[in-house]
Amino acid sequence: MSDPGRVIFDGQHVRAVHFGETARICVQLDHGRKDRDGFPAQKPSRWLERKGIGTLSIVLSDNSWFLTPENNALRDALDAHCGQAQDVRAIGFSMGGYGAVLLSQALHLDHALLFSPQYSIFPSRAPWDKRRNRISAAFCEEWDDLEARIKPDLKGAILFDPRIKWDVLHARALHAALPGMGMVAVPFGGHPSHKHLIGKKDFWRITKELFDQSDLPAWAHRYRRVQRETTEVYLSGMTRYIDMRDSRIPQEENA
């Protein structure tokens, strides 16, 4: 019989459901969805279940960037639920990475793996991200209280594609606020930075390493070096880059 989960928060904009054990928790946060139609389905990770690790799923009714009038009530519920846990870790992709940091204090997060997260979507804080600056007009800027609600001792890794300028700047801003989060460049990873690096069948491995590794940035560097050798997008991208670089060398020498 499948685990129906325990509802931690059930709002109009946000829903949080916990499955399984509560001593060790893996937080999985919603990401942006082009085909969103209300709250997505929530279910536990079978791999985590076998390892005695609970799944805390936090999802959104729309692509609201975790910027909702329910945030204070949500944080109260998460704080009460996660406060007694021994180890809380999170995985977040793009908008989900931003949500992980925004809620990090309430979640009592210890470690996180964040793939191309944002520091903010508002022009006053992230003027380099013009596309998301336009999106921010739909939300109240007071809800973007990341600096006040951040867990400053959070550890882990921020993975980003160095070819995507705004992702680099978001990573730098987050690293400045969270020095315990190492920056890991993933060339040709895409957005989010796992897009061309991690196959669907390997997602369980990322969750495994989140709990097994004591130094997530070092592991992430090793992992992307291994994966890139068999990643077509990376190999073709590097070939184009090298060809372009080599084509410039004679011009520079003759200048």
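Located above this text is the structure these notes cover.
K.L.:
Explain the overall build of the protein residue by residue, including any values.
P.N.:
For the protein, the helix and strand inventory stands at 10 helices and eight strands. Residue pairs in contact within the protein that sit at least 24 positions apart in sequence constitute 72% of those at least 6 positions apart. When the accessible surface of the protein is summed, it comes to about 12700 Å², and 50% of that surface belongs to carbon and sulfur atoms.

K.L.:
Requested: an account of the side chain of R75, with residues and values cited.
P.N.:
Its location among the elements puts R75 in helix 2 (residues 71-82). Beyond its immediate stretch of four places on either side in the chain, R75 contacts L102, L103, A106, D145 and R149.

K.L.:
Account for the environment of A185, with residues named and values stated.
P.N.:
You can see A185 is positioned in strand 8 (residues 181-185). With a relative accessible area of 24%, A185 lands in the partly exposed category. Sequence spacing of A185 and H221 is 36 residues, and the spatial spacing of their C-alpha atoms is 8.0 Å. Once residues within four sequence positions are removed from consideration, A185 is found in contact with F160, P162, H221 and R224.

K.L.:
I'd love a proper account of the environment of E141, names of residues and values included.
P.N.:
For E141, the position within the fold is in the loop between helix 5 (130-135) and helix 6 (146-149). A sequence separation of 18 residues divides E141 from P123, and the C-alpha atoms of the two residues are 9.9 Å apart. Not counting chain neighbours up to four residues away, the residues in contact with E141 comprise F122, S124 and R125. Among the polar contacts made by the side chain of E141, one reaches the side chain of S124 at a distance of 2.3 Å.

K.L.:
Could you give an account of the nonpolar core, naming the residues involved and the relevant values?
P.N.:
When a protein is soluble and globular, its nonpolar side chains tend to lie buried together. One finds V27, L56, I58, L78 and L107 to be the most contacted residues of the largest nonpolar core, which totals 47 residues. Each residue touching I58, except ones within four places of it in the same chain, is listed here: V14, R15, A16, V27, Q28, L29, D30, Q42, F66, L78, L103 and L107. Residues I91, F93, I206 and L210 belong to the second largest nonpolar core, which totals 21 residues.

K.L.:
Can you explain the side chain of S61? Please cite residues and give values.
P.N.:
With respect to the element layout, S61 can be found in the loop between strand 4 (54-60) and helix 2. Here the side chain of S61 touches Q12 through a polar contact of 3.2 Å, landing on its backbone oxygen. If we ignore the near neighbours within four places in the chain, the residues touching S61 are Q12, H13, R36, G38 and F39.

K.L.:
Explain the pattern of salt bridges residue by residue, including any values.
P.N.:
Under the defined criterion, the tally for this structure stands at 13 salt bridges. In this structure, R36 engages D30 in a salt bridge whose closest nitrogen and oxygen atoms are separated by 2.9 Å. As far as the burial class goes, R36 and D30 line up, both buried. Across the pair D161 and R163 runs a salt bridge whose closest N-O atoms are separated by 3.0 Å. For D161, a relative accessible area of 0% gives the class buried. Three or more residues joined by partner-sharing salt bridges are found here, namely D30, R33 and R36.

K.L.:
Which residues make up the pairing of strand 7 (residues 155-160), and what are the values?
P.N.:
In terms of burial, strand 7 is a largely internal element, five of the six residues being buried. Direction of pairing for strand 6 (residues 111-115) relative to strand 7: parallel, over a ladder of five bridges. Its bridge partner being in strand 7, L114 is matched across the sheet by I158. Pairing geometry for strand 7 and strand 8, over five bridges, is parallel. Residue pairing for strand 8: A157 is matched across the bridge by G182. Handedness of the strand 7-helix 7 (residues 165-177)-strand 8 crossover: right-handed.

Definitions and limits used
- Residues numbered from 1 in each chain as written.
- Predicted model: local features only at pLDDT ≥ 70, side-chain atom pairs only at ≥ 80, totals over all residues.
- Heavy atoms only, no water.
- Helix = DSSP H or I, 4+ residues; strand = E, 2+ residues; numbered from the N terminus.
- Contact = heavy atoms within 4.5 Å.
- Areas by Shrake-Rupley, 256 points an atom, 1.4 Å probe, with all protein chains shown as cover.
- Buried < 20%, exposed > 50% of the residue type's maximum accessible area, 1.4 Å probe, protein only.
- Polar contact = N/O pair within 3.5 Å; in protein donor to acceptor, adjacent residues only side chain to side chain.
- Core = buried A, V, L, I, M, F, W, Y, C linked by side-chain atoms within 4.5 Å.
- Salt bridge = Lys/Arg side-chain N within 4 Å of Asp/Glu carboxyl O.
- Pairing = 2+ DSSP bridges.
- Right-handed = clockwise from strand over helix to strand, strands pointing away.

Don't take any of this as a statement about function, it's just geometry.
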